[in-house]
Amino acid sequence: MTDMEIRNTGFPWSAQGVNRALSSVGGTVAAATFICDQLQQLQEEEEENSTKENGTNRNDSSSPPPPIWAAHVAGGTHHAFHDYGEGFCIFSDIAVAANVIRQRYAHLIKRILIIDLDVHQGNGNAVLFQNRNDVMTFSIHCQSNYFSK
């Protein structure tokens, strides 16, 4: 990386920095795929139960499934672009996770909404998904707080 690229990311280049960037992405992908695996398992169980009951839908009279959730506190790196990082963001963990989910679980997840509640606009994610119909970003940030400007 050039000195300017290092300055734009906000991190000095180090093995620890590489590990942090990779584990951030890995943790977000793991949390997102956990949710999809659980949803897929519920869907398979529903189909199996419907078949056992001669096509009747058990969901009509049963209680809803328990909530499924996962979290990753080291993620949220929304200032990274395709070919460079900025603002302490080397990769966009959210963009990687969204792409993994759309690739692996396209039969289950048709569209993704990324809700970004940071003080700065998620400029990297906005650019990464600007021409995609299957992933939408919604950024709520402080007025006049666009990161790259």
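You'll find the structure just up there.
To keep things clear, this report deals only with the structure shown in the data block. (Residues numbered from 1 in each chain as written. Predicted model: local features only at pLDDT ≥ 70, side-chain atom pairs only at ≥ 80, totals over all residues. Heavy atoms only, no water.)

### Section: the layout of surface pockets
Taken as a whole, the largest pocket spans an internal volume of roughly 510 Å³. What lines the largest pocket is a set of 20 residues, among which Thr28, Ala31, Ala32, Ile94 and Ala97 lie closest to the centre. Broken down by secondary-structure element, the contributors of at least two residues to the lining of the largest pocket are α2 (15–52), α3 (93–104) and β1 (112–116). (1 Å grid on protein atoms, 1.4 Å probe; cavity = no way out; pocket = protein on both sides within 12 Å on 5 of 7 lines; lining within 4 Å. Points joined across faces, edges and corners; volume = space filled by probe spheres on them. Helix = DSSP H or I, 4+ residues; strand = E, 2+ residues; numbered from the N terminus.)

### Topic: the pairing of β1
As a general feature of sheets, a regular strand has side chains that alternate between the two faces. Residues Ile112, Ile114 and Asp116 point to one face of β1 and are all buried, whereas Leu113 and Ile115, pointing to the other face, are not buried. Across 5 bridges, the pairing between β1 and strand β2 (residues 135–139) is parallel. Bridging from a neighbouring strand, Ile112 pairs with Val135 of β2. For the crossover from β1 across helix α4 (residues 123–128) to β2, the handedness is right-handed. (Buried < 20%, exposed > 50% of the residue type's maximum accessible area, 1.4 Å probe, protein only. Pairing = 2+ DSSP bridges. Right-handed = clockwise from strand over helix to strand, strands pointing away.)

### Digging into unusual backbone geometry
Here Phe88, not a glycine, exhibits a phi torsion of approximately 65°, which is positive. Among the structural elements, Phe88 can be located in the loop between α2 and α3.

### Side note on the packing of aromatic side chains
Tallied over the full model, the rule gives 2 aromatic pairs. Taken together, a centroid distance of 4.6 Å and an interplanar angle of 15° make the contact between Phe81 and Tyr84 stacked. Looking at Tyr84, the relative accessible area reads 37%, which means it is partly exposed. (Phe/Tyr/Trp six-rings, centres within 6.5 Å; stacked < 30°, edge-to-face > 60°.)

### So, empty space enclosed by the protein
All chains considered together, the criterion is met by 1 cavity of 30 Å³ or more. Put simply, the largest cavity is a space of about 30 Å³. Considering the residues around the largest cavity, the lining is formed by Ile114, Asp116, Gly122, Asn125, Ala126, Thr137, Phe138 and Ser139. Of all the secondary structure elements, the ones that give two or more residues to the lining of the largest cavity are β1, α4 and β2. Considering each element in turn, the lining of the largest cavity owes the most residues, 3 residues, to β2. Class assignment of the residues belonging to the lining of the largest cavity gives a composition of 3 nonpolar, 4 polar and 1 charged. (Nonpolar A, V, L, I, M, F, W, Y, C, P; charged D, E, K, R; others polar.)

### Here we look at the pattern of salt bridges
For side chains bearing opposite charge, pairing can occur when the charged atoms are close. This model, assessed by the stated rule, comprises 2 salt bridges. A salt bridge links Asp134 to Arg102, with the nearest nitrogen and oxygen atoms 2.8 Å apart. Of this pair, Asp134 sits in the loop between α4 and β2 while Arg102 sits in helix α3; the two residues are 32 residues apart in sequence, bridging distant segments of the chain. Asp134 sits in the buried class, given a relative accessible area of 15%. The shortest N-O distance in the salt bridge between Arg132 and Asp134 comes to 2.8 Å. For Arg132, a relative accessible area of 28% puts it in the partly exposed group. One network of salt bridges, in which partners are shared, links Arg102, Arg132 and Asp134. (Salt bridge = Lys/Arg side-chain N within 4 Å of Asp/Glu carboxyl O.)

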